[in-house]
Structure formats: C-alpha cells, structure tokens
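What follows is the residue order along each chain.
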Amino acid sequence: MLEFIQLLKQRYQAVLTQQGNELVKTSYQQRIDQLILAEAFIRKGLLIDASQQPLLHMAVVGPTQAGKSSLANVLLNSSAAGVSPLAGYTIHPQGFCNGVSAQDCNGLQRYFGRFQQLQQAQLSKDRHDCYSLTENTTDSGLLPHGVLWDTPDFDSIDSATYREGVIRAIALADMVILVVSKEKYADLSVWDIMAAVEELHQPTIICLNKLVEGSESIVIQSLKEKWRQARTDEFPEVVSLYYQKPGGLPVWPESRRQLLNQLANKVRHDKHARLEQELLRRHWQTWLEPVVAEHQVLNDWQELVDLMIRQAMESYQRDYLNHPHHYETFQLAMTELLHLMEIPGLARVLAGTRKVLTWPVRQIMKLGRKRLHMADSSYEIALLNQIAEHTLIQLSDKLLDKAEQSQWWRQINSVLRSRRQEVLQDFGLAAKDYHLSFQQDVESAAHRLYYKLQEQPVVLNSLRATRATADAAVIALTLQMGGIGLHDLVIAPAMLTVTSLLAESAVGSYMHKVEAELKQNQFNTVKQALFVESLRKKLLQLPEQLSMATHFNISPDRLRAAELQLTEKRHGLRLL
C-alpha cells in the first residue's frame, strides 16, 4: 500500500505542474497534502511494528509567530530550540530526545524516507528535505520520555516550500501540542490543519500563548467554537500561557506540570493499524477520482477498438471468405488434391510441360512445400492490409469526433497518427506469417478429401481421368494468356471442372463440410493472430505512450491490487 500511495502522490505532483485550471490545482494540492499525510502515517505504522517498545513522539505545531520554539524550550528546560523574532525562522522538523538517546531513534531515517538527518547546525534555509535530531542534556519535569518535535509553521508565505516536513512531523506524533496566540487562534490555516489530522486521533492539548490578563475566558470560548466547527471529537485541555517578563518565555502553570504525562497515557500504538485503514478509506474515492475517470476513458477506448475490430472482421468475411470470386484458400486445397491424384506415366509428361510453361498449379505446389513468396501474390494478404489501413482511418475519424470531450482523446489521436505506420507494418508482417503457416491447414484439408475419395474408387478414377483433361485445358489457357495469378485459380478451368465434379459426386457433402470447417478455422485464425494479437494489442498499448506529465497512467490491475489490500485482515480484523 505504501508504494501505491507514493505512486499516486507522484502522479498528482506531475499532473499538477501541467494543470491550468486554478480550482483543479487547489483541489490537487489538497489531495497531495493528504497523500503525504497518509504516506507518513503508513510509515509510522511500519516504525511501530519494527519496535518492541515504540518511542513516544510529541509535536509542537502552530502558525507563524505563535511561540512554538519558545514553548519547546520551556518544555525541554533548555535553549536547544532556536528562536527568532522573525517569522518562518524554523523551516525544518527538529527533534529533541528527552530521556532517550539518539541511538534509540535509529528507525527515524526509514520513516522520513528521502529526508536526510543532519546536525541541527547543518540545517540550511536552502534545503528543505532534511531534519535534525538532538539529545536534550537537561532534565525536564514537564515532558514524558520521548522525542519532542519543534515544527515549522504552516501559514507563512514560504510555508508551501517546506510544508511536507510539517506534515511528516505531525503524522509521526503520538501527541499534538497546538500552540496559538490570541492574535492567531482564529486563522483559517490553523483549523484547516487541525481538521486534516483529526483522523489520526492523536491526544491533543491547546496552548494559548501570549495572553494578557482578562482576555483568557473570551478567547477560550471562541476557541471552543472554532474547534467544534473544524472537528467532531471532544474539545481538548487548554493551557493558558503568560509571558515571564525577564526572560521573555511563556510560563507553564504549576498546576499543569503532569498534564503531558497524563496525556501520554492515552496513547495507544495498538490501534494504529485500524486508524491507518480508516484514514485510507475516508479519502480513497476522492483520491482516485481522476484515476477512475482515466479508467473509464480507457474502457471507452477498448470498446471503440473492439468495435473497429468487429467491423474489420465483417469486411474480411464479406469480401474474402464469403466472396464467390475472391476466396482462394479452398482452391489451394484443391490444387494439393490434384497433386495427390497424379497418374503414373501421364504425370511425368504433364509435369515436364508444366515446368517449361511455369504452369500455375506446379508453382502453387512448389510454394506450398517450400513456403516461399506465396503471400506476395495472395489476394487475401492484399485485402487484409487494406482492411487494417481502413480500420485505422475509421478509428482516427472516431477520435476526432471525441476530441471535444477531453484532452485524453486528442492526445490518443496524436499518438495514433505518430504510430500508424509502425502498427500497419507489424500487421503486414503478421499477415504474411499467418498466411504461410496456414498452408498446413490447407494441405490437411486436401488430404482429408483424398482419404475420403480413396473410399470411393469409382469416383477417384473418374476424377483422375478428368484431371488429365483439365491439365490440358489449363496448359492451353496458359499459352493463350501468358500465365495466370494465384487468385485466378478461383475461375481456372481445372479448378472449376474438378470442383464441380467433386461436388456432384458421392463425397460432395463431405467436400462442403471440409470447406466450411476450413473457412471457419481460417476466420478464427485471422481474428486471433492478426486482429486480436497484432492490431488490437497494438492499439490498446497506445495509451501507455501518453505523457506521464498530463495523465496518471495507473493501470486498473494496479488499482485493484491496492484496493485488495484495503480488505486484508490486519491484526485479526477485517476492515472492509
């Protein structure tokens, strides 16, 4: 699931850079933030599973100039967190180990992924994909043992550049310490982020900082209203913080010294797997809207291609298999049958004559055995290539009609135009391969007829006699016409004479059966070998050539595999 969420996030980021619609861009950016949060939360689950005693992580979060770093120093009883009067001073997640060593945090690098762990002094404003981890050397009476994270703001002008670090730090936290001031508590950005992390079910407290005497009750009441508008869970504890004038630091109330330790007791790592699945399920359909839309278009594309293939097969059947003057395949079987009916003695004389005159039947038999150049003179091959070309022309016309529906149809039409010659060339080669390999079926049909004739000696001898006369007629025709082509066998006197006599004989019905079976086998072979395995397969692969920058290009199979993980039993509980 982690790999799929990362893939989906990357696709959103790529498509976002090419998106011109501002409303769509805003929506996509929101989904990217959600996916970063989900990815980080899944990573946290892996971190928990890999540890026998998971560390406690606490995150100090809030808007700019709310006093987050100052509060972190108060909680740590140190000055480890850097502070500045300038907004946006902290731009990296900075972790401080309290009561634990940095060695206990080895798994954090795997959690942060591409983010690099650096020393606090090495953090640079020119680089945002990093974090620091520092051991706190002082004793804190306010914090439980664990790691306290001082996080960047999420509302400054530049926060978009380091927002991912904020989200990763928040997702890692088992507890959240929200810091707001009386000037900042009502900002929309505060409640947007708090609404976004509600599904993580982190125990939370609110620190109301920079208070002045007399304003506390009014602000807290307003805080409650903001919380109820943004979230559905119970309003958390509020800690009111007043500044200590000499040091300029907020003062933690003595009555709340155990508050964070008490909050830590509410952390339940054993619930993480269920919360992780709930988070994914909540956003799944929204995240996948553009992917599903692409799949629908892909389905429409497949239906359109299948329609074109059906029409192509109808043309092939009408203009070749069922055409009385163009169907040459069965006549090839008849030439093989003529060869099988050779009469000793007479055959030698006729064979010599055919060799001199390049008699077509002899050429056919020679090609039938050696499989050389037969496809070059075939009407069937010429027709198949013509049908393939006509199919692509029709398909392109259909795509032009759909171009107004979406950018996808315009781009797939462009890909089709650029790959058209390649598709036709591959189809032509496949057609030749089919035609040569199918001669085995032709010979098989001829042998079946000959074996049947052997059961009827009178018919066989009669045909042998007729065959000699037919050979003479063909030789005469060849002398007059200067030779005939392969497709002219359909109307050649030898073929007409033998076919007619065979049809009127006792094996006539069997001949029609063999012809029908040969024709059906040919139809199925052409459909599968040429129009399905070659043309259809090539056309269905065209969407893979679309730009990754403008399309998600996540296959239905990959999506199904990810959705299957949402139904897996985790920790004995079936979640969907």
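Note that this is a predicted model, so its numbers are computed, not measured.

### Section: the overall build of the protein
1) Next: Helices and strands together make up the secondary structure of the protein, namely 20 helices and eleven strands.
2) Next: The buried share of the protein, taken over its 576 residues, is 49%.
3) Next: Within the protein, contacts between residues at least 6 apart in sequence are counted, and of these 80% link residues at least 24 apart.
4) Next: Within the structure as shown, the protein displays about 27700 Å² of accessible surface, and the carbon and sulfur contribution to it stands at 50%.

### Describing the nonpolar core
1) Next: Counting residues in each nonpolar core, the largest one holds 71 residues, and the members touching the most others are I5, L8, W149 and W284.
2) Next: Looking at this core element by element, the count peaks at nine residues for helix α2 (residues 22–49).
3) Next: Other than its neighbours up to four places away in sequence, I5 contacts L35, A38, E39, I42, L280, W284 and W287.
4) Next: Membership of the second largest hydrophobic core comes to 54 residues, among which are V297, M313, L384 and L449.

### A look at the pattern of salt bridges
1) Next: For the structure shown, the criterion picks out 26 salt bridges.
2) Next: R318 is paired through a salt bridge with D319; the nearest N and O atoms lie 3.1 Å apart.
3) Next: The residue E517 makes a salt bridge to R448 at a minimum N-O spacing of 2.8 Å. Residue E517 is located in helix α19 (residues 508–541), and its partner R448 is located in helix α16 (residues 439–454); the two are separated by 69 residues in the primary sequence.
4) Next: Residue classification places E517 among the partly exposed residues on the basis of a relative accessible area of 34%.

### Focus: helix α5 (residues 163–172)
1) Next: Among the ten residues of α5, nine are classified as buried, and the element is accordingly described as predominantly covered.
2) Next: Taken as a whole, α5 has its buried residues at E164, G165, V166, I167, R168, A169, I170, A171 and L172.
3) Next: On its buried face, α5 sits against α1 (2–18), α2, β1 (57–61), α4 (108–112), β5 (146–150) and α6 (188–196).

### What to know about the packing of aromatic side chains
1) Next: Tallied over the entire structure, the rule returns 17 aromatic pairs.
2) Next: Relative to F552, the ring of Y12 has its centre 4.9 Å away and its plane inclined at 80°; by these criteria the two rings are edge-to-face. Of the two residues, Y12 is situated in helix α1 and F552 in the loop between α19 and α20 (556–565); the sequence distance between them amounts to 540 residues. We note that Y12, like F552, is buried.
3) Next: Ring geometry for W227 versus F235: centroids 6.1 Å apart, planes at 80°, classification edge-to-face. Each member of the pair W227 and F235 is classed as buried.
4) Next: Among the aromatic residues, those joined into a cluster by ring pairs are Y111, F112, F115, Y131 and W149.

### A word on the confidence of the model for the protein
1) Next: Confidence in the prediction for the protein averages 81 pLDDT; 81% of positions are at 70 or higher.
2) Next: Averaged pLDDT values for the elements of the protein fall to 40 in strand β11 (residues 573–574) and rise to 93 in β1.
3) Next: Note on residues 353–373: pLDDT under 50 across the span, and 39 contacts to partners over four residues away in sequence or across chains.
4) Next: Segment residues 571–576 is flagged for pLDDT under 50; beyond a separation of four residues in sequence, or across chains, it makes 13 contacts in the model.

### Describing the pairing of strand β4 (residues 130–135)
1) Next: Summarising the sheet, strand β2 (residues 94–98) and β4 pair through four bridges and their orientation is parallel. Counted as the bridge partner of C97 is E135 from β4.

### Considering the layout of surface pockets
1) Next: Its boundaries defined by the atoms lining it, the largest pocket holds a volume of some 690 Å³.
2) Next: H201, Q202, P203, T204 and K266 are the residues nearest the centre of the largest pocket, which is lined by 29 residues in total.
3) Next: Elements with a contribution of two residues or more to the lining of the largest pocket: α2, β7 (204–211), α8 (259–264) and α9 (272–287).
4) Next: In this structure, the second largest pocket spans a volume of roughly 550 Å³.
5) Next: Among the secondary structure elements, those contributing two or more residues to the lining of the second largest pocket are α2, α5, α6 and α9.

The rules behind these values
Residues numbered from 1 in each chain as written. Predicted model: local features only at pLDDT ≥ 70, side-chain atom pairs only at ≥ 80, totals over all residues. Heavy atoms only, no water. Helix = DSSP H or I, 4+ residues; strand = E, 2+ residues; numbered from the N terminus. Buried < 20%, exposed > 50% of the residue type's maximum accessible area, 1.4 Å probe, protein only. Contact = heavy atoms within 4.5 Å. Areas by Shrake-Rupley, 256 points an atom, 1.4 Å probe, with all protein chains shown as cover. Core = buried A, V, L, I, M, F, W, Y, C linked by side-chain atoms within 4.5 Å. Salt bridge = Lys/Arg side-chain N within 4 Å of Asp/Glu carboxyl O. Phe/Tyr/Trp six-rings, centres within 6.5 Å; stacked < 30°, edge-to-face > 60°. pLDDT = per-residue confidence, 0-100. Pairing = 2+ DSSP bridges. 1 Å grid on protein atoms, 1.4 Å probe; cavity = no way out; pocket = protein on both sides within 12 Å on 5 of 7 lines; lining within 4 Å. Points joined across faces, edges and corners; volume = space filled by probe spheres on them.

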